[in-house]
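# Analysis of the macromolecular model
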Amino acid sequence: MKATGIVRRIDDLGRIVIPKEIRRTLRIRESDPLEIFTDREGEIILKKYSPIGEMTTFAKQYAESLAQVSGHAALICDRDQFIAISGGYKAFMGKEISKQLEDVIADRKTVIASKGDKNFISISQASVEEFAHEAITPIICEGDVIGAVILIDSEDKAKMGEVEHKLIMSAAGFLGRQMES
C-alpha cells in the first residue's frame, strides 16, 4: 500500500471525501460503486466495483460465441478495462479503455466505423494491435451504463454493417438483462 500523505476527517454523517486527485488518477466518477473491505489490522480498503466484472466467466463465453458467429474479434469491457476477448487481439485483455471509448459509453452511443471515418475511435489507452473496422455499443443495466460490446477487425473486406450492428445490440441487451437477474 502506498501512503499519499492526505488526511481527511469523517463528518457527522460518517462520510469521508476522496480527494479529487485520487479520484482522477483512479478514474472514480460520481455515482461509481465502491466495494469496502477491512483487514485484521483495522485498515479499510475501497475498491472500484465492476458489476459486469462479477460475470467475467460468462462474458468470456459470450465473447467466444459472438466472435464465432460474427467472424470478427469480440471484446467486452466494463467502464474501465477490457474483461473478455475472443477471436484475436488478446493484447487488449486487462488494458484500460481509452478516454474516447469512455465518452462513447457514457453518452450511450453506438459507433460503427472504419479507420479514416470521423467517428472512428481508439478503444484502448495502451498502444496495442491495430484494427481497421469497429462496431461499439454500450451495455445498459437498470438504466446505468456498465460497459460495452465491441467487434473489431483488420481485414479490408471485414467492414462492419447492419448485421454487426444487430449482433452487438442484441449482445449488449442480453448482457444488461443478465446483470439485472
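Residues numbered from 1 in each chain as written. Predicted model: local features only at pLDDT ≥ 70, side-chain atom pairs only at ≥ 80, totals over all residues. Heavy atoms only, no water.

### A short note on the overall build of the protein chain
Within the protein chain, the secondary structure is distributed over four helices and seven strands. For the protein chain, the N- to C-terminal ordering of α and β elements is α-β-β-α-β-β-α-β-β-β-α. Overall, the C-alpha framework of the protein chain stretches about 60 × 35 × 25 Å when taken along its three principal axes. Looking at the protein chain residue by residue over its 181 residues, the buried ones come to 39%. Put simply, 51% of the contacts in the protein chain that link residues at least 6 apart link residues at least 24 apart. About 11100 Å² of surface is accessible on the protein chain, with carbon and sulfur atoms providing 51% of the total. Put simply, the protein chain has 25 plus and 29 minus side-chain charges, and the middle of one group is 3 Å from the middle of the other. (Helix = DSSP H or I, 4+ residues; strand = E, 2+ residues; numbered from the N terminus. Buried < 20%, exposed > 50% of the residue type's maximum accessible area, 1.4 Å probe, protein only. Contact = heavy atoms within 4.5 Å. Areas by Shrake-Rupley, 256 points an atom, 1.4 Å probe, with all protein chains shown as cover. Lys, Arg positive; Asp, Glu negative; His and termini not counted. Charge placed at Lys NZ, Arg CZ, Asp CG, Glu CD.)

### So, the sheet that holds strand 5 (residues 111-114)
The five strands are arranged 4-3-7-6-5 in an open sheet whose pairing can be described as antiparallel. The open sheet terminates on both sides in strands that have one partner only, identified here as strand 4 (82-86) and strand 5. Across the sheet, the mean angle separating the axes of adjacent strands is 15° when strand polarity is ignored. Pairing analysis gives five bridges linking strand 3 (residues 73-77) to strand 7 (residues 144-153), with the strands arranged antiparallel. Bridged to Ala74 within strand 7 is Leu151. Contacts from helix 2 (residues 56-70) reach strand 3, strand 4 and strand 7, with the element oriented near 35° to strand 4. (Pairing = 2+ DSSP bridges. Axes fitted to C-alpha atoms, helices over the stretch in contact; angles between N-to-C directions.)

### Side note on the pairing of strand 3
Across the five residues that make up strand 3, a large majority, five, are buried. Judged by which residues are buried, strand 3 turns out to be covered on both faces: Ala73, Leu75 and Cys77 on one side and Ala74 and Ile76 on the other are all buried. Pairing between strand 3 and strand 4: four bridges, direction antiparallel. Directly across from Ile76, in strand 4, lies its bridge partner Ala84. Between strand 3 and strand 4, which pair antiparallel in sequence order, lie four residues.

### A closer look at the confidence of the model for the protein chain
When pLDDT is averaged along the protein chain, the result is 87, and 94% of the positions lie at 70 or above. The least confident element of the protein chain is strand 2 (residues 44-48), whose mean pLDDT is 82; the most confident is strand 3, at 95. (pLDDT = per-residue confidence, 0-100.)

### Observations regarding the packing of aromatic side chains
Under the criterion given, the structure shown has eight aromatic pairs. Ring plane angle 35° and centroid distance 6.2 Å describe the contact between Tyr89 and Phe92, whose orientation is recorded as tilted. The same class applies to Tyr89 as to Phe92, namely buried. Ring plane angle 90° and centroid distance 6.4 Å describe the contact between Tyr89 and Phe131, whose orientation is recorded as edge-to-face. Within this pair, whereas Tyr89 is found in the loop between strand 4 and helix 3 (99-106), its partner Phe131 is found in the loop between strand 5 and strand 6 (133-141), the two being separated by 42 residues in sequence. You can call Tyr89 buried: its relative accessible area is 10%. Every member of this aromatic cluster is reached through a ring pair, and the members are Phe82, Tyr89, Phe92, Phe120 and Phe131. (Phe/Tyr/Trp six-rings, centres within 6.5 Å; stacked < 30°, edge-to-face > 60°.)

### Some points on unusual backbone geometry
Positive phi, normally seen in glycine, also occurs at Tyr89, with a value near 60°. Phi angles above zero are rare outside glycine, and Arg108 is one such case at about 60°. Looking at the secondary structure, you find Arg108 in the loop between helix 3 and strand 5. Classification of Arg108 as partly exposed rests on a relative accessible area of 42%.

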